[in-house]
Amino acid sequence: CCVMFTSRLVPSSNRLTRRFLFIFTLSLSFTYLCYSLIFCSDTIMQSQRYEEHRCLLSQNVGSKKLLQKSHYCTLPVDSKAIRDATSNLAFLSTPRSFGTAERRSNNSGTPKFGNKKLPNAIIVGVKKGGTRAVLEFIRVHPDVRAVGTEPHFFDRNYDRGLDWYRSLMPRTLDSQITMEKTPSYFVTREAPRRIFNMSRDTKLIVVVRNPVTRAISDYTQTLSKKPDIPSFEALAFKNRSLGLVDTSWNAIRIGMYAFHLENWLQYFPLSQIHFVSGERLITDPAGELGRVQDFLGLKRIVTDKHFYFNKTKGFPCLKKPESSSLPRCLGKSKGRTHVQIDQEVIEQLRDFYRPYNIKFYEMVGHNFRWD
């Protein structure tokens, strides 16, 4: 087009000028063509490098099935390339497997993976039963993401709404389970109905413990914060000589498991509630966590190789993760030495709890042998 256009402007007699314009136009066209080829080639190479990087990342986090279906991941890679591709990504600094995630970025440009979802499972109780241990142990599983702090949504913060509750959750992939734990839910009258209204498919975990031992542990924790409270005996009984137990005291009331469970069974079938033995959680943590993983539909990845028994604290701890120089034990508030309680008081409380325990065994179909 340029040649035809210029030929009209230049007289036919001026051959030298026409030749010059023809050569000049041809040179410009050739230069433009070379530039276009170089630019497109660079764009394609950048795109290919991005897809190679994504492939390396996906292979490193175990997305085998996706890679088999993807044409992006047919290039050979070596382990060093995988390490180089992932070492600079902050989201892989924790020992978790993220699989193939949906990519997002915040304002700072940091990549985010997965979505914030309402929990699939909740540890609803009981206080001083071993709920923190269960949460920390199950979080080792790569397919579980959990909130570290207790949200207290279904007992204290329900008026904030489900969007607020969801915002507290960690980002998870479709293949991962979102969890939280708030042990006071078990004794909150409104909690079963509220959780049911959120999702009737929610799986519930209850960690139970000998109610007498649990009450003493509860009192020991309160005493550490409020040293001037009355004695355990004074709080536990309305009239000790008559053996009248004060069921209005929360430390006593929580251990009446059968009473609270009746409320939950109005909304959830027993098949959706899993009971963890607080005693066996200490003596056989791998066995208890194995049953929890089965209940959640997870592969048994957390096994006895993850635990060792801490004689000082008197309960199991997680062995040292590869990314840490120290083993993971629960905080200083766990494993406190219980206050000494008169044996006669303990016997009176055992008598009080016995009918509740028997009924609880019948309801769940398991004898926890607390008597």
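Residues numbered from 1 in each chain as written. Predicted model: local features only at pLDDT ≥ 70, side-chain atom pairs only at ≥ 80, totals over all residues. Heavy atoms only, no water.

Mind showing me how you'd approach the overall build of the protein chain here?
Tallying secondary structure elements over the protein chain gives 14 helices and 13 strands in all. Burial analysis of the protein chain (371 residues in total) assigns 41% to the buried set. Counting only contacts in the protein chain whose residues sit at least 6 apart along the sequence, the fraction spanning at least 24 positions is 66%. Accessible surface, the protein chain: about 21500 Å² in total, of which carbon and sulfur atoms supply 54%. (Helix = DSSP H or I, 4+ residues; strand = E, 2+ residues; numbered from the N terminus. Buried < 20%, exposed > 50% of the residue type's maximum accessible area, 1.4 Å probe, protein only. Contact = heavy atoms within 4.5 Å. Areas by Shrake-Rupley, 256 points an atom, 1.4 Å probe, with all protein chains shown as cover.)

How should I be thinking about the packing of helix α8 (residues 211-225) against helix α14 (residues 343-364) in this particular structure?
For any two helices packed against each other, the geometry comes down to the angle between their axes and how far apart the axes lie. Taken N-terminus to C-terminus, the directions of α8 and α14 make an angle of 125°; their axes are 9 Å apart at the nearest point. Taken as axis vectors, α8 and α14 run oblique relative to one another. Contacts from P211, V212 and I216 of α8 reach α14 at I346, L349, R350, Y353 and N357. When the residues that make up the contact of α8 with α14 are grouped by side-chain class, the tally is 6 nonpolar, 1 polar and 1 charged. (Axes fitted to C-alpha atoms, helices over the stretch in contact; angles between N-to-C directions. Parallel < 35°, antiparallel > 145°, perpendicular 65-115°, else oblique. Nonpolar A, V, L, I, M, F, W, Y, C, P; charged D, E, K, R; others polar.)

Help me out: how do you make sense of the UniProt feature "binding site: 3'-phosphoadenylyl sulfate" (unreviewed entry) in the protein chain in this one?
Within this structure's numbering, the places UniProt gives as "binding site: 3'-phosphoadenylyl sulfate" (unreviewed entry) are K128, G129, G130, T131, R132, R209, S217, K334, G335, R336, T337 and H338. Mapped onto the fold, K128 is located in the loop between β4 (121-125) and α5 (131-138). The exposure class assigned to K128 is buried, which follows from its relative accessible area of 14%. (UniProt positions renumbered as here; feature names shortened; annotations may be inferred.)

Can you walk me through the environment of R300 in this structure?
Relative to the helices and strands, R300 resides in the loop between α13 (285-295) and β12 (307-310). It is 8.6 Å that separates the C-alpha atoms of R300 and H141, two residues lying 159 residues apart in sequence. Setting aside anything within four residues of it in sequence, one finds R300 in contact with G290, R291, Q293 and D294.

Just to check I follow, could you spell out a nonpolar patch on the surface for this structure?
On the surface, F20, F24 and L28 cluster together to form a nonpolar patch covering roughly 350 Å² of accessible area. The residue F20 is located in helix α2 (residues 15-60) in this model. (Patch = residues over 30% accessible without salt bridge, like charges linked within 9 Å, V, L, I, M, F, W, Y side chains within 5 Å. Salt bridge = Lys/Arg side-chain N within 4 Å of Asp/Glu carboxyl O.)

Looking at this model, I keep getting lost on the confidence of the model for the protein chain. Mind explaining?
Where the model shows low pLDDT, its predicted coordinates should not be examined in detail. Within the protein chain, residue pLDDT values average 80, and 70% of them lie at 70 or more. Scored below 50 in pLDDT, residues 1-11 shows 8 contacts in the model against residues more than four places distant or in partner chains. Across residues 42-110 the pLDDT falls below 50, and counting only partners more than four positions away or on other chains, this stretch makes 71 contacts in the model. (pLDDT = per-residue confidence, 0-100.)

In this structure, what is going on with the side chain of R145? I would like to understand it.
Within the secondary structure layout, R145 lies in strand β5 (residues 144-146). One buried charged residue, R145, remains without a salt bridge, the closest side chain of opposite sign being D143 at 9.7 Å. At a separation of 2.9 Å, a polar atom in the side chain of R145 contacts the main-chain carbonyl oxygen of R171. (Lys, Arg positive; Asp, Glu negative; His and termini not counted. Polar contact = N/O pair within 3.5 Å; in protein donor to acceptor, adjacent residues only side chain to side chain.)

Help me out: how do you make sense of the nonpolar core in this one?
Side chains that are nonpolar tend, in soluble globular proteins, to be buried together. The biggest cluster of nonpolar side chains holds 31 residues, and the ones touching the most others in it are I195, W264 and F360. Listing elements by their share of this core, those giving two or more residues are β4, α7 (191-198), β8 (203-208), α11 (257-264), β11 (273-277) and α14. Judged by nonpolar contacts, the second largest core, of 24 residues, contains A133, F137, L296 and L298. (Core = buried A, V, L, I, M, F, W, Y, C linked by side-chain atoms within 4.5 Å.)

How do you make sense of the packing of aromatic side chains when you look at a structure like this?
Each aromatic ring pair is characterised by the separation of its centres together with the angle its planes make. For the structure on display, the rule yields 25 aromatic pairs. Between F368 and W370, the aromatic rings sit 5.0 Å apart at their centres with planes inclined by 20°, giving stacked as the arrangement. According to the relative accessible area criterion, F368 is buried, its value standing at 10%. Of the aromatic side chains, those joined through ring pairs into one cluster are F153, F154, Y158, W164, Y165 and Y185. The side chain of K203 reaches across the aromatic face of F295, ending 5.4 Å from its centre. (Phe/Tyr/Trp six-rings, centres within 6.5 Å; stacked < 30°, edge-to-face > 60°. Lys NZ or Arg CZ within 6 Å of the ring centre and 35° of its normal.)

Teacher, can you tell me more about the sheet that holds β11 here?
Either a parallel or an antiparallel arrangement is found when strands of a sheet pair, and the pairing is made through backbone hydrogen bonds. Read across the open sheet, the 5 strands follow the order β5-β7-β4-β8-β11; overall the sheet is parallel. Because the sheet does not close on itself, it has two edges, and the strands there are β5 and β11. Put simply, the sheet's adjacent strands are angled 25° from each other on average, direction ignored. (Pairing = 2+ DSSP bridges.)

Would you take a moment to explain α11 for this structure?
Given 3.6 residues per helical turn, the α-helix brings residues three or four places apart onto the same face. The element α11 is largely enclosed, with a buried count of 6 among its 8 residues. All of the buried residues along α11 are Y257, A258, H260, L261, N263 and W264.

Would you explain the pairing of β11 in this entry?
Residues in a regular strand project their side chains so that they alternate between the two faces of the sheet. Of all 5 residues in β11, 5 are buried; the element is thus mostly enclosed. The side-chain alternation of β11 yields two buried faces, one formed by I273, F275 and S277 and the other by H274 and V276. Of the strand pairs in this sheet, β8 and β11 are connected by 5 bridges, and their pairing is parallel. Residue V208 lies in a different strand from β11, and its bridge partner there is S277.

Honestly, α7 in this entry has me stumped. Any pointers?
For α7, the full list of buried residues reads A191, P192, R194, I195 and M198. All buried residues of α7 lie within an arc of 165° about the axis, which places them on one face of the element. (Arc of directions from axis to C-beta.)

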